[in-house]
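# Structural features, examined
If you want the building blocks of each chain, they are given just below.
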Amino acid sequence: MSSFLMEIGTEELPAIPLLKELPNIKNKFKQILKSHRLDCEVEFFYTPRRLVLISDNFPTSQKEEILEFFGPPIDIAYKDGNPTQAALGFFKKCGISENETQITTKDNKEVLYCKKEAISKNSNELIQEILKEFLDSLNFGKAMRWGSNTESFIRPIKWILCMIDNKLVPLEIFGIKSSQVTYVHRNISYESKHVSSIDSYLQTLQNGKVILNQQKREEKILNEIAIIEKENNIKVEIDKELLDEIVSITEYPTALFGNFSEHFLEIPAPCIITSMKVNQRYFATYKDLKLYNGFVMVQNSLSENPKTIIEGNLKVLHARLEDALFFYHNDLKAGLDENKLVNITFVENLGSMLDKTKREVEIAKILCDIFKEELLKESNDFGLIQELIIQATTLSKTDLTSEMVYEFTELQGIMGYYYAKELRYDDRVALAIKEQYLPNSEDSELPSNLISAIIALSHKLDNLFGLFSINKIPSGSKDPFALRRAANGVIKIIIHFNLNFKLKEVFNNLRYLYKNFELKMLEEFILERLESTLPYNPSIIRAILASNEDDLLNIYLKAEALESSLQSQDKTMLMQTFKRLANIIKDVNFDNLNIQEDKLIATEEIELYNEFVKYKNKTFDNSDFKGRIDYLLSLNQVLSRFFDKVLVNAPDETLKTNRKNLIAQIYMAFFNIADIKEITL
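The sections below set out a description of the structure shown in this document. (Residues numbered from 1 in each chain as written. Predicted model: local features only at pLDDT ≥ 70, side-chain atom pairs only at ≥ 80, totals over all residues. Heavy atoms only, no water.)

## As for the packing of aromatic side chains
To describe a pair of aromatic rings, one takes the distance between the centres and the angle between the planes. The following threshold applies: Ring geometry is summarised as follows: Phe, Tyr and Trp rings, the Trp one being its six-membered ring, pair when their centres sit within 6.5 Å, and such pairs are stacked at plane angles under 30 degrees, edge-to-face over 60 and tilted between the two. For helices the rule is a DSSP run of H or I covering at least 4 residues; for strands it is a run of E covering at least 2, with both sets numbered from the N terminus onward. Only protein chains enter the accessibility calculation, which uses a 1.4 Å probe. A residue is then buried if its area is under 20% of the maximum for its type, exposed if over 50%, and partly exposed in between.
This structure, assessed with the given rule, holds 26 aromatic pairs. With a centroid separation of 5.8 Å and 50° between ring planes, the pair formed by Tyr-615 and Tyr-631 is classed as tilted. Linking Tyr-615 in helix α24 (residues 603-617) with Tyr-631 in helix α25 (residues 625-633), this pair joins segments that are 16 residues apart in sequence. Neither residue differs from the other here; Tyr-615 and Tyr-631 are each classed as buried. Three or more aromatic residues joined by ring pairs make a cluster, and in this case those are Phe-465, Phe-468, Phe-507, Tyr-514, Phe-517 and Phe-525.

## A few points about the nonpolar core
Heads up, the condition is: Take the buried Ala, Val, Leu, Ile, Met, Phe, Trp, Tyr and Cys residues and link them wherever side-chain atoms come within 4.5 Å; each set so joined is a nonpolar core. Two residues qualify as a contact provided that any one of their heavy atoms is within 4.5 Å of a heavy atom in the partner residue.
Ranked by size, the top nonpolar core spans 148 residues in total, and within it Met-404, Phe-501, Ile-526, Leu-552 and Leu-562 carry the most contacts. A per-element tally of this core places helix α16 (residues 450-469) first, with 12 residues. Those residues in contact with Leu-552 that lie beyond four places of it in its chain are Val-490, Ile-491, Ile-494, Phe-501, Leu-503, Ile-526, Leu-527 and Leu-530. If you look at the next biggest cluster of nonpolar residues, it comprises 50 residues, including Cys-40, Val-42, Ile-160 and Cys-162.

## A look at the sheet that holds strand β4 (residues 66-73)
Defined as follows: What makes two strands pair is DSSP finding at least two bridges between them. Convention adopted: a line fitted to C-alpha atoms gives each axis, helices being fitted over their contacting stretch, and angles between N-to-C directions are expressed from 0 to 180 degrees.
The strand order β4-β8-β7 describes an open sheet built from 3 strands, whose pairing is antiparallel. Each edge of the open sheet carries a strand with a single partner, namely β4 and β7 (102-106). Adjacent strand axes in the sheet meet at a mean angle of 40° when their direction is disregarded. Pairing of β4 with strand β8 (residues 109-117) involves 6 bridges; the strand directions are antiparallel. Following the sheet pairing, Phe-69 is matched in β8 by Cys-114. Against the sheet, helix α3 (residues 85-94) touches β4 and β8, its axis set at about 175° to β4.

## Thoughts on the packing of helix α26 (residues 636-645) against helix α27 (residues 653-671)
What counts, and what does not: Angle categories are assigned with fixed cut-offs, so that under 35 degrees is roughly parallel, over 145 is roughly antiparallel, 65 to 115 is roughly perpendicular, and the rest are oblique. Definitions for this section: a left-handed crossing has its near helix turned counterclockwise from the far helix by less than a right angle. A right-handed crossing has that turn clockwise. For this classification, Asp, Glu, Lys and Arg are treated as charged, while Ala, Val, Leu, Ile, Met, Phe, Trp, Tyr, Cys and Pro are nonpolar and the rest, including Gly, are polar.
Relative to each other, α26 and α27 sit at 155°, their axes nearing to 13 Å. Comparing the axis directions of α26 and α27 gives the class roughly antiparallel. The two elements α26 and α27 meet at a crossing, and its hand is left-handed. Note on element contacts: α27 touches α26 through Arg-659, Ile-663 and Ile-666, opposite Leu-639, Phe-642 and Phe-643. Here the residues of the contact of α26 with α27 are counted per class, giving 5 nonpolar, no polar and 1 charged.

## A short note on the side chain of Glu-604
We apply this condition: By the counting scheme adopted, Arg and Lys are positive, Glu and Asp are negative, and His together with the chain ends is not counted. Between Lys or Arg on one side and Asp or Glu on the other, a salt bridge is scored when a side-chain nitrogen of the former is within 4 Å of a carboxyl oxygen of the latter.
With respect to the helices and strands, Glu-604 occurs in helix α24. No salt bridge is formed by the buried Glu-604; the nearest opposite charge belongs to Lys-645, separated by 5.8 Å. Contacts of Glu-604, omitting those with residues within four sequence positions, involve Arg-641, Phe-642, Lys-645 and Val-646.

## Concerning the pattern of salt bridges
Summed over the entire model, instances satisfying the criterion amount to 32 salt bridges. The salt bridge involving Arg-484 is made with Asp-479; its shortest N-O contact spans 3.9 Å. Note that Lys-520 and Glu-524 form a salt bridge whose closest N and O atoms lie 3.7 Å from each other. On the criterion of helical spacing, the pair formed by Lys-520 and Glu-524 is a turn pair, its members being 4 residues apart in helix α19 (residues 519-528).

## Digging into the layout of surface pockets
How we decide: With a 1 Å grid spanning the protein atoms alone, the term cavity applies to any set of points in which a 1.4 Å probe fits but cannot get out, the term pocket to an open set with protein on both sides within 12 Å along at least five of seven lines, and the term lining residue to any residue with an atom within 4 Å of a point. Grid points are joined across faces, edges and corners, and a volume is the space filled by probe spheres set on the points.
Put simply, the largest pocket is a space of about 570 Å³. Lining the largest pocket are 21 residues, and of these Tyr-437, His-459, Asn-463, Phe-481 and Arg-485 lie nearest its centre. Of all the elements in the fold, those that place two or more residues in the lining of the largest pocket are α10 (353-370), α16 and α17 (483-496). Among the elements that take part in the lining of the largest pocket, α16 stands out by supplying 4 residues, more than any other. The wall of the second largest pocket is formed by 15 residues, among which Asp-239, Ile-273, Thr-274, Lys-277 and Glu-410 lie closest to the centre.

## Some words on unusual backbone geometry
Here the bond from Leu-438 into Pro-439 is cis, since omega is -10°, no more than 30 degrees from zero. Checked against the element boundaries, Pro-439 lands in the loop between α15 (427-434) and α16. A positive phi angle is found at Asn-233, which is not glycine, with a value near 55°. With respect to the helices, strands and loops of the structure, Asn-233 is situated in the loop between α6 (214-232) and β15 (235-236).

See the structure below:
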């Protein structure tokens with residue numbers, strides 16, 4: 001084993017593409033080493049100007065390995081005593097002559113066989129190939145070419161440092177030859193620095209104000225922010241995405257605190273925070289739980305006069321906030337006018353955002369009727385609630401025409417909320433505008449009330465219906481309109497608010513709003529999302545769907561009940577019993593399941609019948625699926641005794657029919673919940 005150091009020096013790496021690929025970089029390098037039989041542990045570090053791999057137990061040569069090759073069967077390898085193309089290909093693959101090949105038995109056939117020791121190369125001989133494979137494996141999205149190079153990388157490579165056991169490994173890639181030099185922070189020097197060992201490399205960077213370890217850079221930022229918080233009696237909002245980005249664009253970060261003019265706090269807080277984060281990469285600050293007119297910036301400069309840097313950044317920030325204040329006042333003067341949405345296209349063949357809004361209003365009206373009982377729990381005045389929902393839906397997209405959302409598209413919905421509040425719309429209308437896109441990610445919050453939920457459902461359902469109607473259906477991993485997320489959102493809202501939502505019924509009510517298309521495709525698309533959305537055994541979901549259940553809430557409640565009830569059962573015995581039950585009734589006429597009590601003669605069938613009658617006579621709440629399942633599962637032992645003692649296919653046709661009808665009725669009682677034979681445990 002020996003020490004290994006590779007530093008790939010580049011022009012400044014763009015933060016976002018780097019961060020997206022970051023979780024894969026180390027593993028990709030390790031996999032490439034493994035493929036070359038050089039398995040070892042590696043540490044990976046980066047700064048905006050370098051990708052660095054270090055190992056203190058790097059193999060000096062490939063590990064020994066015995067290679068086995070199995071070729072074609074003998075009757076295919078030879079014809080008339082001469083090797084066929086299949087045999088010749090095998091010889092070539094193994095790097096052997098015909099005389100060196102062997103014969104062995106595999107899968108009861110004689111096949112060509114070769115066993116040999118793999119050639120072991122020194123690590124130095126492999127590094128050039130490993131470096132090329134490594135750089136080719138990195139996926140940063142867009143890449144660029146420079147100079148006369150025909151190949152591309154995320155940014156031009158400026159230097160390569162590679163050493164094994166502190167000795168230079170000669171390499172060349174993108175026209176750059178490896179050398180024993182590195183570069184320190186630009187504020188220290190632009191000249192290259194000689195490196196004689198890994199220790200000298202690390203010391204050179206430390207002296208040159210480059211913190212190589214990204215975790216150490218993050219710790220430095222957080223420690224300095226903690227000092228700023230204490231000195232100024234404030235709380236800094238640590239945005240993790242922003243922190244990661246700042247770590248990736250600095251080599252020696254230093255946190256600084258500044259104040260902007262208090263009068264800018266008139267602007268809604270999300271505007272200020274977004275402007276600081278997106279445009280300036282500043283952290284927002286709070287005092288007494290309110291946004292404070294202060295900010296934390298992180299510099300990469302080694303300037304000894306931080307005041308000058310803060311003042312320079314303040315000038316830029318003030319200009320940004322002046323623009324935001326101007327936009328805010330202009331937007332308030334313009335008000336919320338849905339008619340302006342006619343100038344914004346939603347999707348080709350689905351009209352403008354005004355057309356979309358009108359469809360969403362119609363959907364909201366239909367949902368109001370469907371969920372009238374639940375809405376009445378929010379207010380006794382259904383007419384008022386419906387009016388608020390229609391108003392919120394009508395205004396929901398109007399902030400798309402605002403100057404603020406034009407500048408910061410991520411504030412859509414949020415700015416509509418602030419404008420509606422300032423223009424004195426009902427608070428419930430304002431909140432519904434704000435929450436219309438929820439949930440918008442896997443871990444997102446849900447709408448906070450039923451009014452907001454209906455607006456959010458209307459938005460998602462229009463996206464699903466509209467895009468399916470013009471055949472913009474997700475395929476494979478492609479989902480440009482985030483329809484899978486929309487379907488997941490519908491499911492989560494329905495479950496969270498405990499709303500019965502029968503897909504076929506709801507979809508038939510909505511179809512008139514769109515071009516004709518196969519509704520079953522959309523139904524199946526949403527039902528398919530249940531397996532990934534609900535935290536239950538997928539076969540349980542499939543068993544429920546096999547019973548033709550299409551109410552999203554009932555599917556969830558049944559899955560929850562089945563998962564819970566099956567935990568306490570002897571699952572093997574249970575599945576055997578119910579699969580046997582399903583097999584027996586295959587040829588039963590389900591249109592006539594009449595049972596003649598006087599034909600029940602065996603003790604076990606009388607016992608089974610009486611227990612099932614108790615179940616039929618028992619009163620369950622509509623949503624008490626667990627109670628029903630538990631009772632039916634309790635029949636398992638009675639059923640087992642029945643199958644052991646009673647001949648179902650009796651010679652007497654009347655007895656046979658009677659017994660099969662009894663079994664079929666029990667099966668159908670289960671089938672109303674789930675097709676139990678579909679469950680695999």
